[in-house]
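Chain residues, written in single-letter form:
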Amino acid sequence: MVTINTVFWTQISSFVAFVFAVFALYRLLVDQKDATIQSLKENISYLKDQLADAKQQSPDVLAERLAKRTKMLEDELARLSDDKSATEAEINAKEAELASARGEAEALTRKVLHARELLREYQCPHCGSPLVERAYHSESVEYQGREIDVDHDWSTFECGLEIVDGLEREGCRVATSLAAQNFNLHG
Ligand SMILES: [Zn+2]
């Protein structure tokens, strides 16, 4: 038999359960938000580290550091040469250090030049615009009664240059407009 009392307590307890459920949900959301913020923070600091690392590793920084070291060693060597009390062994050691720093600088220069050489293949030879797409395909053709494969390659660059099998099918717009400007200036 349902009394007013029972109805009242049922309502109270379902309300309390509702409040607890809302509170639990709220806690869950807060925790999730904290976790998301934490992982974002971690990501950002990771990216910052990576960026700092990349900056440290860039050829410019390496070259600058090497140039500084070479200069410092040269100065030290000059000072040791002037210093009458410096032993020959000390001077020789400094000279060896200097030679190794120079060797490193030369190796770095070679690497940079090599990288530039590799990059050239991915740039317009006229204006340096980057490559947009490169495609290869081969077709079978009959030649003197035999079937042979002929390879084709096709490259397009941002400036509009199109190279098909080593021949320019579309010109470089940047180079063309520069040439037109020069013609107008001097013509
Ligand atoms: Zn171009």
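This is a predicted model, so every value here is computed, not measured.

Comments concerning the pattern of salt bridges
Next, step 1: Enumeration over the complete set of coordinates arrives at 6 salt bridges.
Next, step 2: In this structure, Asp75 and Lys71 form a salt bridge, with 2.8 Å as the shortest nitrogen-oxygen distance. Separated by 4 residues within a single helix, Asp75 and Lys71 lie in helix α2 (residues 59–82), roughly one turn from each other.
Next, step 3: Accessibility expressed as a relative area gives 46% for Lys71, which makes it partly exposed.
Next, step 4: Between Lys94 and Glu76 there is a salt bridge, with the nearest N and O atoms lying 2.9 Å from each other. Residue Lys94 is located in helix α3 (residues 88–120), and its partner Glu76 is located in helix α2; the two are separated by 18 residues in the primary sequence.
Next, step 5: Assessed through its relative accessible area of 21%, Glu76 is described here as partly exposed.

Structural notes on the coordination of the zinc ion
Next, step 1: Distances from the zinc ion to its protein donors, namely Cys124 (SG), Cys127 (SG), Cys159 (SG) and Cys172 (SG), fall within the range 2.2 to 2.3 Å.
Next, step 2: Around the zinc ion sit 4 donor atoms; with metal-centred angles ranging over 107 to 115°, the donor geometry is tetrahedral.
Next, step 3: Between consecutive donor residues of the zinc ion, the sequence gaps follow C-x2-C-x31-C-x12-C.
Next, step 4: Residue Cys124 is classed as buried on the basis of its relative accessible area, which comes to 4%.
Next, step 5: Take Cys127: its relative accessible area is 30%, and that puts it in the partly exposed class.

Some thoughts on the side chain of Thr156
Next, step 1: Mapped onto the elements of the fold, Thr156 is located in strand β2 (residues 146–157).
Next, step 2: Residue Thr156 is classed as buried on the basis of its relative accessible area, which comes to 13%.
Next, step 3: Contacts of Thr156, omitting those with residues within four sequence positions, involve Leu131, Val132, Glu133, Leu161 and Glu162.

Section: a negative patch on the surface
Next, step 1: Together, Glu142, Glu147, Asp149 and Asp151 line one region of the surface with negative charge.
Next, step 2: Sorting elements by how many residues they give to the negative patch places β2 first, with 3 residues.
Next, step 3: Mapping Asp151 onto the fold places it in strand β2.

Focus on α3
Next, step 1: Helix length check: α3, at 33 residues, gives a terminal C-alpha distance of 48 Å against a target of 48 Å (1.5 Å per residue), a fit within 8%.
Next, step 2: Here α3 has its buried residues at Ile91, Lys94, Leu98, Ala101 and Leu108.

Some thoughts on unusual backbone geometry
Next, step 1: Of note in this structure, Gln144 is not a glycine but carries a positive phi near 50°.
Next, step 2: Classification of Gln144 by relative accessible area gives exposed; the value is 69%.

Describing the nonpolar core
Next, step 1: One finds Leu73, Leu77, Leu80, Ala86, Ile91, Leu98 and Ala101 forming the largest nonpolar core, which totals 7 residues.
Next, step 2: Only α2 and α3 provide two or more residues apiece to this core.
Next, step 3: Core analysis: the second largest hydrophobic core is formed by 6 residues, Cys159, Leu161, Ile163 and Cys172 among them.

Concerning the pairing of strand β1 (residues 131–143)
Next, step 1: As paired elements, β1 and β2 share 12 bridges and run antiparallel to each other. Looking at the pairing, Glu139 lines up with Val150 of β2.
Next, step 2: Hairpin remark: β1 followed by β2, antiparallel, with 2 residues in the connecting loop; positive phi at Gln144, about 50°.

A short note on the sheet that holds β1
Next, step 1: Ordered by their spatial adjacency, 4 strands build an open sheet running β1-β2-β3-β4, and the pairing between neighbours is antiparallel. Of all the strands in the sheet, just β1 and β4 (167–170) have a single pairing partner and so form its edges. Strand after strand, the sheet turns through a mean of 25° between neighbouring axes, direction not considered.

Here is what the cut-offs are and how they apply
- Residues numbered from 1 in each chain as written.
- Predicted model: local features only at pLDDT ≥ 70, side-chain atom pairs only at ≥ 80, totals over all residues.
- Heavy atoms only, no water.
- Salt bridge = Lys/Arg side-chain N within 4 Å of Asp/Glu carboxyl O.
- Helix = DSSP H or I, 4+ residues; strand = E, 2+ residues; numbered from the N terminus.
- Buried < 20%, exposed > 50% of the residue type's maximum accessible area, 1.4 Å probe, protein only.
- Donors = N, O, S within 2.8 Å, 3.2 Å for Na, K, Ca; no water.
- Tetrahedral: all angles 85-135°; square planar, octahedral: opposite > 155°, others 65-115°.
- Contact = heavy atoms within 4.5 Å.
- Patch = residues over 30% accessible without salt bridge, like charges linked within 9 Å, V, L, I, M, F, W, Y side chains within 5 Å.
- Areas by Shrake-Rupley, 256 points an atom, 1.4 Å probe, with all protein chains shown as cover.
- Lys, Arg positive; Asp, Glu negative; His and termini not counted.
- Charge placed at Lys NZ, Arg CZ, Asp CG, Glu CD.
- Expected span 1.5 Å × (residues − 1).
- Core = buried A, V, L, I, M, F, W, Y, C linked by side-chain atoms within 4.5 Å.
- Pairing = 2+ DSSP bridges.
- Axes fitted to C-alpha atoms, helices over the stretch in contact; angles between N-to-C directions.

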